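Residues per chain are reported as follows:
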Number of protein chains: 2
Amino acid sequence: MAKINSNYQKLQAGYLFPEIGKRVRAYVAEHPDKKVIRLGIGDVVLPLPAPILDAMRAAVEEMGKVETFKGYGPEQGYDFLLNPISAHFKSQGAEVAPDEIFVSDGSKCDTANIQEIFDVDNVIAVTDPVYPVYVDTNVMAGRTTEAAGGRYGKLVYMPTTAENGFDPELPKVKTDIIYLCSPNNPTGAVMSRASLEKWVKYAKANEAIILFDAAYEAFITEPGLVRSIYEIPGAREVAIEFRSLSKTAGFTGTRCAYTVVPKDLKARNAAGDFASVHALWNRRQTTKFNGVSYPIQKAAAAIFTPEGAKAVKANVDYYMENARIIREGLKSADYTVYGGVNAPYIWLKTPQGMSSWDFFDNLLSQVQVVGTPGSGFGSCGEGYFRLSAFGIRENVIEAVERIRTRLK
Amino acid sequence: MAKINSNYQKLQAGYLFPEIGKRVRAYVAEHPDKKVIRLGIGDVVLPLPAPILDAMRAAVEEMGKVETFKGYGPEQGYDFLLNPISAHFKSQGAEVAPDEIFVSDGSKCDTANIQEIFDVDNVIAVTDPVYPVYVDTNVMAGRTTEAAGGRYGKLVYMPTTAENGFDPELPKVKTDIIYLCSPNNPTGAVMSRASLEKWVKYAKANEAIILFDAAYEAFITEPGLVRSIYEIPGAREVAIEFRSLSKTAGFTGTRCAYTVVPKDLKARNAAGDFASVHALWNRRQTTKFNGVSYPIQKAAAAIFTPEGAKAVKANVDYYMENARIIREGLKSADYTVYGGVNAPYIWLKTPQGMSSWDFFDNLLSQVQVVGTPGSGFGSCGEGYFRLSAFGIRENVIEAVERIRTRLK
């Protein structure tokens, strides 16, 4: 008798974005004449820049000729992509060898799959609010008990709110695996060097592992901020880093990301002996994954050329100007806003302590702007709201103007 | 203290193909003057046909314009691909709705990931020989004990050898989840309609689930053979089917596949209540996967147009003519051969009961042909050897000629 993985039945409701989609579709069906502006889901809108397209075009032509056709590639990614990524890390002050990099089809996949190589009994720590994938995948794997009051048992939640400057405090209980995201989705906060040093020290002292999600590092604009956790001495022994081309280069529909597992990273097996985490992830990827499509890897490699880097930087700058417009506009309307300086997300406090979903409904019904309720990211996100800077400029300006002038 | 998933340490040696690669590289380094012909790993060599390339080219151009740019798509795949796949099933006599199809980046991923949605205590049955991914992913998930004599404890192995006509017998112990692959990798055998009917009946009687890998269905040449398990009445209640474009359309480096989870398929939860397996897989995919790259899905959709279908059929025919050449050539040299009629693999008996790896080494050192040792697929594969029909014609002819005339 086949039995399901009953842990799935502990999962609360659907994923956040389907619920948003449902409410927006219902509104649009009732008000087909209204122009809805979507700043909810963090999806890019600008087309792929010319150098990226050129590389993809050339690779498509290669696939059409027997002399240059490509079948199976290395599951970890081609050297033509691994080498420039390694050099990119070096330019940011981080030592990452090409064979410590694993190219994949998305950071969502990687941050979701990484937990497989760890024991089910590890204690997991997440921030609150948090990117839901970290939590849900650990629920599915059986690392939690049932949810109560919006939180799963056994998970360690670390509040990151305005009260602590969105900087998670070290957990009071012992934890084994800690998810950190900087620049943060959803709060837009960047962890300081001192904070990351504190975390690396904590991980070393506790033989814990940090899963560092740097999907938004390209959006850091202020100098001196940490882009890779490997800039922190000792991090290679305690941290895995995830990076994505989705927002960096507009690859949400093109699909490419990469994950770093340093060879210095060890964790204990059931007998208490150390094992190489790099070897485990390599085994996982070679057994369960077949590498990223060749033309997509070629397109990704173009991002690391001078012309490609310049072009994707221009797109990032465009979104960050959107972020500035949203941030300044809301401030001038007396909203309390966070983020939007080193991240494409503006995290605002709802007025008069309104609930996140009430604010969502007001925003949609009164001014036809879609955002993301903070409570969707965790109970500490209640009373907050996320606006994404990924929009066409004129829409962003109009959305801010509508909020400033028409939202009651 | 972070602990690894110690189940990984039960895994025996590396995956088969890295070992082959190692031996071939060593040989080539010592004999740089010899021309090695590779019929080992099942990787295609013909370029993507024109209709597929045209669709990919057009999609790349769409990604370069703001009006047609695509960001996140549905995790399950776009309707423009799901609908023709559904129609394709219908043309084969199988009822599969578009929303029962999940497009992915590979059947290796899907057959590897599917076990996640099932309880760790299910009893798993596999054929012997078997595609190693089915086994290894269940070892990783903790469904086996340590290996002894090339077999993992708790797994149920079903011998499929010349003695039983490569048709696995129903297991004598109760099993919950059964992996079947037809046309078979590595034996090249196709399961008969009667055999599949027997399996569907068994699954119903035992509330078991069949994981049916049909990655090679496009290579069936004889009329009347079953291409989809859903041609068998009742299969929608007991089976998941995996299909791949890797070999069908030369997508090993392009990456696209699809999996069918019928809405009629149920399995019990820990409390003994029925749950929808479709809902579980949908939750798995939406949480851990972001869909296949847009240009790749567009290319895949072109396979299901009349021009695309004709073009990929021509490539399949080319490989099956290779298969005929290998099969007939070896037969004429008194080899006992199986497969190669409805599958791109020829499964031969090694001469004089030689071990699979000894035959591999002889073949490489004497005639510079690379194949795959049968024992790499399981202990019942010992004394067998797999040759792949995925080669350029002149190389295939030369390989057969070398074996016929020069192999001692």
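Residues numbered from 1 in each chain as written. Chains lettered and ligands numbered in written order. Predicted model: local features only at pLDDT ≥ 70, side-chain atom pairs only at ≥ 80, totals over all residues. Heavy atoms only, no water.

1. Concerning the overall build of chain A
Next up, step 1: For chain A, the helix and strand inventory stands at 11 helices and 17 strands.
Next up, step 2: In terms of overall dimensions, chain A is globule-like: its C-alpha atoms have a radius of gyration of 21 Å, near the 22 Å expected for 408 residues.
Next up, step 3: C-alpha extents for chain A along the principal axes are approximately 60 × 55 × 55 Å.
Next up, step 4: Taken over 408 residues, chain A has a buried fraction of 62%.
Next up, step 5: Considering only contacts in chain A between residues 6 or more positions apart, those separated by 24 or more positions represent 71%.
Next up, step 6: Of the charged side chains in chain A, 46 are positive and 46 negative; the average position of the first set lies 2 Å away from that of the second. (Helix = DSSP H or I, 4+ residues; strand = E, 2+ residues; numbered from the N terminus. Rg over C-alpha atoms; globule rule 2.2 N^0.38 Å. Buried < 20%, exposed > 50% of the residue type's maximum accessible area, 1.4 Å probe, protein only. Contact = heavy atoms within 4.5 Å. Lys, Arg positive; Asp, Glu negative; His and termini not counted. Charge placed at Lys NZ, Arg CZ, Asp CG, Glu CD.)

2. Notes on the interface of chain A and chain B
Next up, step 1: Listed by partner, the interface residues are 83 residues for chain A and 83 residues for chain B.
Next up, step 2: Across the chain A to chain B interface the summed buried area is about 6800 Å²; carbon plus sulfur atoms make up 57%.
Next up, step 3: At the junction of chain A with chain B, the criterion picks out eight salt bridges.
Next up, step 4: Between Asp136(B) and Arg283(A) there is a salt bridge, and its shortest N-O distance comes to 3.4 Å.
Next up, step 5: There are 46 residue pairs in polar contact (both at pLDDT 80 or more) connecting chain A and chain B. (Buried area = accessible area lost by both parts, 1.4 Å probe. Salt bridge = Lys/Arg side-chain N within 4 Å of Asp/Glu carboxyl O. Polar contact = N/O pair within 3.5 Å; in protein donor to acceptor, adjacent residues only side chain to side chain.)

3. Here we look at helix H11 (residues 393-406) of chain A
Residues and elements named next belong to chain A.
Next up, step 1: Here H11 spans 19 Å end to end across 14 residues, near enough to the 20 Å set by a 1.5 Å rise per residue.
Next up, step 2: When H11 is considered as a whole, its buried residues turn out to be Val-396, Ala-399, Val-400, Arg-402 and Ile-403. The buried residues of H11 occupy an angular sector of 155° when projected down its axis, which confines them to one face. Those residues of H11 that are exposed and aimed more than 90 degrees away from the buried face are Glu-394 and Thr-405. (Expected span 1.5 Å × (residues − 1). Arc of directions from axis to C-beta.)

4. Topic: the packing of aromatic side chains
Next up, step 1: Overall, the coordinates contain 42 aromatic pairs over all chains when judged by the stated rule.
Next up, step 2: With 5.2 Å between their ring centres and 10° between their planes, Trp347(A) and Tyr384(A) make a pair best called stacked. Within this pair, whereas Trp347(A) is found in strand E14 (residues 345-349), its partner Tyr384(A) is found in strand E17 (residues 384-388), the two being separated by 37 residues in sequence. Across this residue pair, the class does not change: Trp347(A) and Tyr384(A) are buried.
Next up, step 3: Ring geometry for Tyr319(B) versus Phe390(B): centroids 4.8 Å apart, planes at 75°, classification edge-to-face. Remark: Phe390(B) occurs in the loop between strand E17 (384-388) and helix H11 (393-406) and Tyr319(B) occurs in helix H9 (residues 306-332); sequence separation between them is 71 residues. Across this residue pair, the class does not change: Tyr319(B) and Phe390(B) are buried.
Next up, step 4: The positively charged end of Arg23(A) is found above the aromatic ring belonging to Trp357(A), 4.0 Å away from the centroid.
Next up, step 5: Just above the ring of Tyr318(B) sits the side chain of Arg393(B); from NZ or CZ to the centre is 4.3 Å. (Phe/Tyr/Trp six-rings, centres within 6.5 Å; stacked < 30°, edge-to-face > 60°. Lys NZ or Arg CZ within 6 Å of the ring centre and 35° of its normal.)

5. Some thoughts on the side chain of Glu75(A)
Next up, step 1: Mapped onto the elements, Glu75(A) comes out in the loop between helix H2 (50-63) and helix H3 (79-91).
Next up, step 2: Of the residues examined, Glu75(A) reaches a relative accessible area of 18% and is grouped as buried.
Next up, step 3: At a separation of 3.2 Å, a polar atom in the side chain of Glu75(A) contacts the side chain of Lys108(B).
Next up, step 4: Here Glu75(A) is in contact with Val103(A), Gln285(A), Thr286(A), Phe289(A), Asn290(A), Gly291(A) and Lys108(B), once residues within four sequence places are set aside.

6. Things to note about the relation of the copies chain A and chain B
Next up, step 1: If you rotate chain A by 180° and push it 0.0 Å along the axis, it lands on chain B with an RMSD of 0.0 Å. Between the two chains, the operation in question is that of a two-fold axis. When each C-alpha of chain A is compared by its distance to the rotation axis, Arg57(A) comes out closest, at 3.4 Å.
Next up, step 2: When the interface residues of chain A are mapped onto chain B, 100% of them are again interface residues, pointing to one common binding face. (Least-squares fit on C-alpha atoms with pLDDT ≥ 70 in both.)

7. A look at the sheet that holds strand E10 (residues 257-260) of chain A
Residues and elements named next belong to chain A.
Next up, step 1: The mixed open sheet is built from seven strands, whose spatial order is E2-E10-E9-E8-E7-E3-E6. Across the chains shown, the open sheet's two edge strands, defined by having one partner strand only, are strand E2 (101-104) and strand E6 (156-159). The sheet shows a mean angle of 20° between the axes of neighbouring strands, taken without regard to direction.
Next up, step 2: Here four bridges tie E2 to E10, and the two strands are oriented antiparallel to one another. Bridge pairing links Ile-101 to Val-260 in E10.
Next up, step 3: Against the sheet, helix H6 (residues 193-206) makes contact with E6, strand E7 (177-181) and strand E8 (209-213), and its axis sits at roughly 145° relative to E8, the strand it touches most. (Pairing = 2+ DSSP bridges. Axes fitted to C-alpha atoms, helices over the stretch in contact; angles between N-to-C directions.)

8. Digging into the pattern of salt bridges
Next up, step 1: All chains considered together, the criterion is met by 54 salt bridges over all chains.
Next up, step 2: Arg236(B) is the salt-bridge partner of Asp264(B), the closest N and O atoms lying 3.0 Å from each other. Taken together, the positions of Asp264(B) in the loop between strand E10 (257-260) and strand E11 (266-268) and Arg236(B) in the loop between strand E8 (209-213) and strand E9 (239-244) put the pair 28 residues apart, joining distant regions of the chain.
Next up, step 3: Put simply, Glu19(A), Lys22(A), Arg23(A) and Asp361(A) are held in one network by salt bridges that share partners.

9. A word on the nonpolar core
Next up, step 1: Ranked by internal contacts, the top residues of the largest apolar core, which has 213 residues, are Ile229(A), Phe251(A), Leu387(A), Ile229(B), Phe251(B) and Leu387(B).
Next up, step 2: Beyond its immediate chain neighbours, meaning those up to four positions away, Phe251(A) contacts Leu48(A), Ile52(A), Leu245(A), Ser246(A), Cys256(A), Ile296(A), Ala299(A), Ala300(A) and Ile303(A). (Core = buried A, V, L, I, M, F, W, Y, C linked by side-chain atoms within 4.5 Å.)

10. What to know about the sheet that holds strand E13 (residues 337-339) of chain B
All names here are of chain B.
Next up, step 1: Reading across from one edge, E13-E14-E17-E16 is the order of the four strands in this open sheet, with antiparallel pairing throughout. Edge positions in the open sheet fall to E13 and strand E16 (372-373), since each of these has one partner strand only.
Next up, step 2: Pairing geometry for strand E14 (residues 345-349) and E17, over five bridges, is antiparallel. From the neighbouring strand, Tyr-345 faces E17, where its bridge partner is Ser-388.

11. Some remarks on the pairing of strand E7 (residues 177-181) of chain B
All names here are of chain B.
Next up, step 1: Counting buried residues in E7 gives five out of five residues, a clear majority hidden from the surface.
Next up, step 2: In this sheet, E7 lies alongside strand E3 (residues 124-128) in parallel orientation, the contact comprising two bridges. Counted as the bridge partner of Ile-124 is Ile-177 from E7.
Next up, step 3: Where E7 and E8 come together, five bridges link them in parallel fashion. Bridge pairing links Leu-180 to Phe-212 in E8.
Next up, step 4: In terms of handedness, the path from E7 via helix H6 (residues 193-206) over to E8 forms a crossover that is right-handed. (Right-handed = clockwise from strand over helix to strand, strands pointing away.)

12. Quick notes on unusual backbone geometry
Next up, step 1: Residue Pro186(A) is bonded to the preceding Asn185(A) through a cis peptide linkage, with omega at 20°.
Next up, step 2: In this fold, Pro186(A) is placed in the loop between E7 and H6.
Next up, step 3: At the junction of Ser182(B) and Pro183(B), the peptide bond is cis and its omega measures out at -5° in the coordinates.
Next up, step 4: Here the phi dihedral of Phe166(A) falls at roughly 60°; this positive angle occurs in a residue that is not glycine.
Next up, step 5: Summarising the element assignment, Phe166(A) is placed in the loop between E6 and E7.

13. Observations regarding the domain arrangement of chain A
Residue and element names in this part refer to chain A.
Next up, step 1: Here chain A is described as being made up of domain 1 (13-47 + 307-406) and domain 2 (53-305).
Next up, step 2: A C-alpha centroid distance of 26 Å is found between domain 1 and domain 2.
Next up, step 3: In this complex, domain 1 contributes 28 residues to the contact, which on the side of domain 2 involves 36 residues.
Next up, step 4: Across the domain 1 to domain 2 interface the summed buried area is about 2600 Å²; carbon plus sulfur atoms make up 61%.
Next up, step 5: Between domain 1 and domain 2 we count zero salt bridges in total.
Next up, step 6: Here domain 1 is connected to domain 2 by 16 residue pairs in polar contact (both at pLDDT 80 or more).
Next up, step 7: Counting only elements with at least two residues in the side of domain 1 that touches domain 2, the list comes to helix H9 (306-332), strand E13 (337-339), E14 and E17.
Next up, step 8: In terms of residue count, the dominant contributor to the side of domain 1 that touches domain 2 is H9 (seven residues).
Next up, step 9: Of the residues contributing to the side of domain 1 that touches domain 2, the split by class is 17 nonpolar, eight polar and three charged. (Domains from an automatic or database assignment. Nonpolar A, V, L, I, M, F, W, Y, C, P; charged D, E, K, R; others polar.)

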